[in-house]
Amino acid sequence: MTSALPFDDFRNLIANLPPVDDAAGERVRMLFAKADKSVGSLGRMEDIAAWLAASSGKAPPAVNRPLVAVFAGNHGVTRQGISPRPVAATANAVELCAAGGAAVNQACIAHDLGLKVFDLALHISTGDITGEAALDERGCAATMAFGMEATAGGTDLLCLGDIGVGNSTVAAALLAAVLGGKGADWVGPGSGADKAMQARKVAAVDAALSFHGSNLKDPLEALRRVGGREFAAIAGAILAARMQNVPVVLDGFAATAAAAVLHAANPTALDHCLLAGLSWEPGHAEAARLLRLEPLLDLGVSHGEGFGAALAAGLVRAAALTSSGMAAAVR
């Protein structure tokens, strides 16, 4: 960072995002229209191919180096008794992925996807958002920059997921901060909270909103104050993908909340993003509606950890191949 404040470079980047290539998307739609088939007969697969072309600038589009990137972080707000799982479960989930035994590993094998799991200082929980900031500005900006490294080495489809005990509470707080509302509007069962625990989650979100107050009007301030490391890293990864014309598939409630921060700062920031599906969190559907992200899958998947995005990536790859194959036939 060369500016006076760590967030300054990110503010400038968000304000000057390159537009997606709508002309490339339209070329794909024209190819489908010329193909020997009924108009619109491929349904959303045509839309996915057009989105992929617009996001990548390539018509017809191609997906040759897809990657699932999963970011893991721990949260100080778990001290408020808001999760049925111990904090150690975050590291256990990361280790299971590393050993190849997680659900996302199998989905990646099935669809020939790369997989990277990022441990974001799991030994140090963020601040308890009910009475302090999750991160300072420098730490948040550094984590966003680290998230941008997800595209290093080259990828042409980036699927983003998360691991983090307590992060459904943090996601609820972040969505309330940038999209409006209070705890009860966004809190759900998470990984299995009963009614009493959900009440504590609501209380924690409301306490965080009250404590941080008007500071939450700025999206990046909201990210550092009531977000967390995996949220910051996902936001950074989304930005890096946009700058490099890489389409993004979002997975889960937390990733959607991280994306909402960017949308609050620039309504065009998610034009290159597709939502894999909806989790069990009741607020997820509302967030998707407000962000204008239409879920691709409806499989009842609420596992997280990038699993839904890996499943969706299979359809995205199929849409790319359908588009390129039919384009060749048209020519």
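Scroll up to find the structure.
Caption draft 1: Molecular detail of the overall build of the protein. Summing up its helical and strand segments, the protein has 14 helices and five strands in all. Principal axes of the C-alpha set define a box for the protein whose edges measure 65 × 45 × 35 Å. The buried share among the 331 residues of the protein stands at 55%. A total of about 13,200 Å² of accessible surface is found on the protein, and carbon and sulfur atoms cover 54% of it.

Caption draft 2: Highlighting the pattern of salt bridges. Counted under the stated rule, the structure contains eight salt bridges. D218 is the partner of R11 in a salt bridge, and the nearest nitrogen-oxygen pair spans 2.8 Å. Taken together, the residues span a long stretch of sequence, with R11 in helix α1 (residues 8–15) and D218 in the loop between α9 (195–212) and α10 (219–226) at a distance of 207 residues. Each of E221, R224 and R225 takes part in a single network of salt bridges with overlapping partners.

Caption draft 3: Spotlight on unusual backbone geometry. That bond from A59 to P60 is cis: its omega, 0 degrees, falls within 30 degrees of zero. Here P60 lies in the loop between α3 (44–56) and β1 (66–72). Despite not being glycine, A121 shows a phi value in the positive range, around 50 degrees. Structurally, the position occupied by A121 is in the loop between β2 (114–119) and α6 (137–148). Not every positive phi belongs to a glycine, and E305 is a case in point at roughly 60 degrees. Note that E305 resides in the loop between α13 (282–291) and α14 (307–330). Look at E305 and you get buried, because its relative accessible area is 11%.

Caption draft 4: Molecular detail of the side chain of T256. Tracing the backbone through its elements, the reader meets T256 in helix α12 (residues 252–265). Apart from residues lying up to four places away in sequence, T256 is in contact with L275, H284, A287 and L291.

Caption draft 5: Representation of the packing of aromatic side chains in the model. Enumeration according to the criterion identifies two aromatic pairs in this entry. On the basis of an interplanar angle of 15 degrees and a centroid distance of 4.7 Å, the ring pair of F71 and F118 is categorised as stacked. Residue F71 is located in strand β1, and its partner F118 is located in strand β2; the two are separated by 47 residues in the primary sequence. We note that F71, like F118, is buried. Ring centres 5.6 Å apart and planes at 90 degrees place the aromatic pair F118 and F146 in the edge-to-face group. Pair noted here: F118 is in strand β2 and F146 is in helix α6, with a separation of 28 residues, a long-range link. Here a set of aromatic residues connected by ring pairs shows up, and it is made of F71, F118 and F146.

The rules behind each value
- Residues numbered from 1 in each chain as written.
- Predicted model: local features only at pLDDT ≥ 70, side-chain atom pairs only at ≥ 80, totals over all residues.
- Heavy atoms only, no water.
- Helix = DSSP H or I, 4+ residues; strand = E, 2+ residues; numbered from the N terminus.
- Buried < 20%, exposed > 50% of the residue type's maximum accessible area, 1.4 Å probe, protein only.
- Areas by Shrake-Rupley, 256 points an atom, 1.4 Å probe, with all protein chains shown as cover.
- Salt bridge = Lys/Arg side-chain N within 4 Å of Asp/Glu carboxyl O.
- Contact = heavy atoms within 4.5 Å.
- Phe/Tyr/Trp six-rings, centres within 6.5 Å; stacked < 30°, edge-to-face > 60°.

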